[in-house]
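Close look at the chain arrangement
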Amino acid sequence: MSIDATVELKPLSIALLTVSDSRGEAEDSSGKFLENSIIEAGHRLVARRILPDDVYLIRALMSGWIADPEINVVIITGGTGFHERDSTPEAVSPLLDKAIDGFGEEFRRLSASEIGSSTIQSRAFGGLANHTVIFCLPGSTSACRTGWNGILVSQLDSRHGPCNFSDLALGKPDKPLSRIDQVIGERSER
């Protein structure tokens, strides 16, 4: 459980999504915290979006990011609770190849020291899809701080031992993403 300072960090390309029906960029303190943390850790923020709690909008964006060979990691904040509109797990889970069960377990363990038994109302989770590492955090800035400082900062650091997700994420295959936008036929408008 240490960082090997003699080895150089392999920066990851990270996309960040805030899921919220009520926040715009100015109110998105959780997204801003994560943006700053990503950059300060030496990684690249390659995309940042805010979407409403809508399963199909989230899936559409996530499918593109998962297919994009330039995106190694996706971090999502928001939509993981039990309110009627909270739909991040329902949107993202069907896209996963494998679940990272330990992420949600460790997040709730860390969170329990801060919010007690209320941690059971968090559906934070992680997974892998097409070598893209995906972490879904609650929407509060405090929860994002707990998840980043307690788990993500080390698990996304290629120098962290005994293991981390860096090499897996960097092994993402290069696929012809441009074919998605290729128009076929003379009658097609899009």
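For the structure itself, consult the block above.
Residues numbered from 1 in each chain as written. Predicted model: local features only at pLDDT ≥ 70, side-chain atom pairs only at ≥ 80, totals over all residues. Heavy atoms only, no water.

**Thoughts on the overall build of the protein**
What counts, and what does not: Secondary structure is summarised from DSSP: a helix means a run of H or I of at least four residues, a strand means a run of E of at least two, and numbering begins at the N terminus for each. Residue burial is assigned from relative accessible area. The probe radius is 1.4 Å, only protein chains are included, and a residue is buried under 20% of its type maximum, exposed over 50%, and partly exposed in between. The contact criterion used throughout is that any non-hydrogen atoms of two residues lie within 4.5 Å. For the area figures, the Shrake-Rupley method with a 1.4 Å probe applies, and any residue is considered shielded solely by the protein chains shown. Note on charges: Lys and Arg go in the positive column, Asp and Glu in the negative column, and His and the chain ends are not counted at all. One atom stands in for each charge, and that atom is NZ of Lys, CZ of Arg, CG of Asp or CD of Glu.
Helix and strand counts for the protein come out as six helices and eight strands. For the protein, the succession of helices and strands along the chain, N to C, is β-β-α-β-α-β-α-β-α-β-β-α-β-α. Overall, the protein is about 60 × 45 × 30 Å in size when its C-alpha atoms are taken along their principal axes. Relative to its full complement of 190 residues, the protein shows a buried share of 48%. When contacts within the protein are restricted to residue pairs at least 6 apart in sequence, those whose partners lie at least 24 apart make up 77%. Total accessible area on the protein is roughly 10,200 Å²; 51% of this is exposed by carbon and sulfur atoms. Distance between charge centres in the protein, computed from 19 positive and 26 negative side chains, equals 2 Å.

**Some details on the packing of helix H4 (residues 101–115) against helix H5 (residues 141–155)**
Inclusion rule: Working convention: axes come from line fits to C-alpha atoms, limited for helices to the stretch in contact. Angles between N-to-C directions cover 0 to 180 degrees. Geometric relationships in this document are graded by angle, where less than 35 degrees denotes roughly parallel, more than 145 denotes roughly antiparallel, 65 to 115 denotes roughly perpendicular, and other angles denote oblique. The handedness criterion is simple: a crossing whose near helix is rotated anticlockwise from the far helix by less than a right angle is left-handed, and one whose near helix is rotated clockwise is right-handed. In the scheme used here, Gly and all other residues not listed as nonpolar or charged are polar, with Ala, Val, Leu, Ile, Met, Phe, Trp, Tyr, Cys and Pro taken as nonpolar and Asp, Glu, Lys and Arg as charged.
Two elements in contact, H4 and H5, have axes whose closest approach is 10 Å; the angle formed by their N-to-C orientations is 120°. Considered as vectors, H4 and H5 are oriented oblique to each other. Crossing of H4 over H5 shows right-handed handedness. Of the residues in H5, those in contact with Phe103, Glu106, Phe107, Leu110, Ser111 and Glu114 of H4 are Ser142, Ala143, Thr146, Gly147, Gly150, Ile151 and Leu152. By residue class, the composition of the contact of H4 with H5 is six nonpolar, five polar and two charged.

**Concerning the pattern of salt bridges**
Definition in use: Counted as salt bridges are all cases of a side-chain nitrogen of Lys or Arg within 4 Å of a carboxyl oxygen of Asp or Glu.
Under the criterion given, the structure shown has eight salt bridges. A salt bridge links Arg109 to Glu106; the nearest nitrogen and oxygen atoms lie 2.7 Å apart. Here Arg109 and its partner Glu106 are both found in helix H4, three residues apart, which amounts to about one turn of the helix. Taking relative accessible area as the criterion, Arg109 reaches 52% and is therefore assigned exposed. A network of salt bridges, in which partner residues are shared, links Arg23, Asp28, Lys32, Glu35 and Arg48.

**Some words on the packing of helix H1 (residues 29–40) against H5**
H5 packs onto H1 with a crossing angle of 25° between their chain directions and a minimal axis gap of 8 Å. It follows that H1 is roughly parallel to H5 by the angle criterion. Once H1 is placed against H5, the crossing between them reads as right-handed. Contact residues: Ser29, Ser30, Phe33, Leu34, Ser37 and Ile38 in H1; Thr141, Cys144, Arg145, Trp148 and Asn149 in H5. The class makeup of the residues in the contact of H1 with H5 is five nonpolar, five polar and one charged.

**Here's the deal with the side chain of Ser87**
Looking at the element boundaries, Ser87 is found in the loop between strand E4 (73–77) and helix H3 (88–92). When near neighbours in sequence (up to four residues on either side) are disregarded, Ser87 contacts Asp53, Asp54, Val55, Ile58 and Gly79.

**Things to note about the sheet that holds strand E5 (residues 98–99)**
Stated precisely, the cut-off is as follows: Strand pairing requires that DSSP identify at least two bridges connecting the strands.
Pairing is mixed in the open sheet, where six strands are placed in the order E3-E2-E4-E7-E6-E5. Two strands bound the open sheet, and with one partner strand each, they are strand E3 (44–51) and E5. Its contacts with the sheet place H1 against strand E2 (13–19), E3, E4 and strand E7 (132–137), and it is angled at close to 170° to E3. The strands touched by H5 are E4 and E7; relative to E7, the strand with the most contacts, the crossing angle is about 140°.

**Digging into the environment of Gly161**
You can see Gly161 is positioned in strand E8 (residues 160–161). Its relative accessible area of 19% is what places Gly161 among the buried residues. Sequence spacing of Gly161 and Ser2 is 159 residues, and the spatial spacing of their C-alpha atoms is 5.5 Å.

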